Amino acid sequence: MAKLTVEIVTPEKRILSVQADEAIVPGAKGLFGVRPGHTPFLSLMDAGTLTLKGEGGHTDTYFVAGGFVEVTNDKVLVLADVAEPVSGIDVEGARRRLGESMERLRGLSSDDARFAVEQAAVRRETARIAASAR
């Protein structure tokens, strides 16, 4: 059976380069799956869980946030602002950051430039917490 090459890259480093049977990606418009032979496309990513399925039903999960995913017929390139194995998520730290961002949001009006930054932080930390619960 053909395999996908999946690479996860952040601005700091290459996180992962593996072979997988399928990748399920948190796209900006919702989850989508990619298998070998997929039609090429480019998509924005949302904060969420990237799931890689391999032989024998083995799965690996990563939290990703922001950035793009490029799909070719045999490769998935994830260019993420943030990426980490779900198993390494600091849930208490994510809850603390979520609370801090929510508190800062309370003091901002929606026309303040910092409002969108804090909203994005709330979405990211909420998705990080949800990913850790899987």
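Residues numbered from 1 in each chain as written. Predicted model: local features only at pLDDT ≥ 70, side-chain atom pairs only at ≥ 80, totals over all residues. Heavy atoms only, no water.

Looking up the chain in an unreviewed UniProt entry gives the name ATP synthase epsilon chain, with the organism given as Cystobacter fuscus.

### What about the layout of surface pockets?
Each pocket or cavity is described by its volume, and for the largest pocket that value is around 160 Å³. Residue lining of the largest pocket: Met-45, Asp-46, Ala-47, Ala-65, Gly-66, Asp-81, Ala-120, Arg-123 and Arg-124, and that is the complete set. Of all elements in the fold, only β7 (59-72) and α2 (113-132) reach the threshold of two or more residues within the lining of the largest pocket. A per-element tally of the lining of the largest pocket places α2 first, with three residues. When the residues that make up the lining of the largest pocket are grouped by side-chain class, the tally is four nonpolar, one polar and four charged. (1 Å grid on protein atoms, 1.4 Å probe; cavity = no way out; pocket = protein on both sides within 12 Å on 5 of 7 lines; lining within 4 Å. Points joined across faces, edges and corners; volume = space filled by probe spheres on them. Helix = DSSP H or I, 4+ residues; strand = E, 2+ residues; numbered from the N terminus. Nonpolar A, V, L, I, M, F, W, Y, C, P; charged D, E, K, R; others polar.)

### Some remarks on the pairing of strand β3 (residues 22-27)
Two faces make up the sheet, and in a regular strand the side chains alternate between them. Among the six residues that make up β3, five are buried, leaving the element largely enclosed by the rest of the structure. Across three bridges, the pairing between β3 and strand β6 (residues 48-53) is antiparallel. Pairing of Glu-22 across the sheet is with Lys-53, part of β6. Where β3 and strand β4 (residues 30-34) come together, five bridges link them in antiparallel fashion. Paired with Gly-27 across the two strands is Gly-30, which belongs to β4. Between the end of β3 and the start of β4, which pair antiparallel, lie two residues. (Buried < 20%, exposed > 50% of the residue type's maximum accessible area, 1.4 Å probe, protein only. Pairing = 2+ DSSP bridges.)

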